[in-house]
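# Structural description and commentary
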Amino acid sequence: MDAVLDGGIARRRVSEIVGCSGAGRTALAAAFVAVATRRGEVVAWIDGAGAFDPASIVAAGVDLSRLLWISARDGNPLRRNAATPFERRRLAILKAAELVLDAGGFGVVVIDFGNLKYPIPQSAALRLARAAGRSGAAVIVIASRRMCGTFAALSLAIEHARPLFSRLVPGSPAIFAGLKLQATVTRNKLGGIGASAIIRAMVDPIGRCATQPIATVNRQAAAGHS
């Protein structure tokens, strides 16, 4: 993934990881967060999908003592009479992001919009991009579709390629072993689109809920990325 992204996720910018539920977008965001916490940085995870699972995040290598977890799943109760549930949740997510970025001191800020149906308004995307620039943090938006439009410096689309199966011994029944995913750069203001990588998200065969992403870079696409 570092080769595909020409070094990784940029600081002071908004980057999007887009894909359907179960495509691996959260696992990939967790991998970036794990690197940051290993470096001793403090990170924030704004959970607007109600999908944050501390055990899975720890399994990805994240140090929870360096992570601020904010739940924005239920929206802002002060706006219950002023907006639909989707709008309340969107407003709560954006408000939490602005407060975190204005506070400063975070190396990475993940904003999980879940499966919200519509992009955020351009004015909100502009404020988010400006807040990222002021804070110095790498902002990672994960969602089912692009949320920030032209104000995202990077958009990374993840989709299922095919399921993977294995056998414990020859002749035994095939069991589900994980997913083969494809990550493709669909937008990059810093230069280069179309680069892709294959990620194998493997299931622990003894059921410890551990996921082991192994990135295999598509060398031909990576060469075109430069």
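Structure report, in brief. Worth saying up front: this structure is predicted, and the values here are computed from it rather than measured.

This brings us to the packing of aromatic side chains. Scanning all chains against the criterion turns up three aromatic pairs. Geometrically, the ring pair formed by Phe-165 and Phe-176 is edge-to-face, given 6.1 Å between the ring centres and 75° between the ring planes. Here Phe-176 lies in strand β7 (residues 175-188) and Phe-165 lies in strand β6 (residues 154-166), a separation of eleven residues in the sequence. One aromatic cluster is present, formed by Trp-45, Phe-52 and Trp-69 through successive ring pairs.

A few words on unusual backbone geometry. A positive phi is found at Arg-12, a non-glycine position, where the angle reads about 65°. Tracing the backbone through its elements, the reader meets Arg-12 in the segment before β1 (14-18). For Arg-12, a relative accessible area of 49% translates into the label partly exposed.

Turning our attention to the nonpolar core. Among soluble globular proteins, nonpolar side chains are generally buried collectively. Counting 34 residues, the largest nonpolar core has Trp-45 and Ile-140 as its most contacted members. Per-element tally for this core: the top contributor is helix α1 (residues 25-38), with seven residues. Those residues in contact with Ile-140 that lie beyond four places of it in its chain are Ile-9, Ser-15, Ile-17, Ala-29, Phe-32, Val-108, Val-109, Val-110 and Ile-111. Judged by nonpolar contacts, the second largest core, of 30 residues, contains Leu-94, Val-109, Ile-111 and Met-147.

On to the environment of Leu-91. By secondary structure assignment, the location of Leu-91 is in helix α3 (residues 85-103). Take Leu-91: its relative accessible area is 30%, and that puts it in the partly exposed class. Sequence separation of Leu-91 and Ala-124 is 33 residues, and the distance between their C-alpha atoms is 9.5 Å.

Conventions adopted
- Residues numbered from 1 in each chain as written.
- Predicted model: local features only at pLDDT ≥ 70, side-chain atom pairs only at ≥ 80, totals over all residues.
- Heavy atoms only, no water.
- Phe/Tyr/Trp six-rings, centres within 6.5 Å; stacked < 30°, edge-to-face > 60°.
- Helix = DSSP H or I, 4+ residues; strand = E, 2+ residues; numbered from the N terminus.
- Buried < 20%, exposed > 50% of the residue type's maximum accessible area, 1.4 Å probe, protein only.
- Core = buried A, V, L, I, M, F, W, Y, C linked by side-chain atoms within 4.5 Å.
- Contact = heavy atoms within 4.5 Å.

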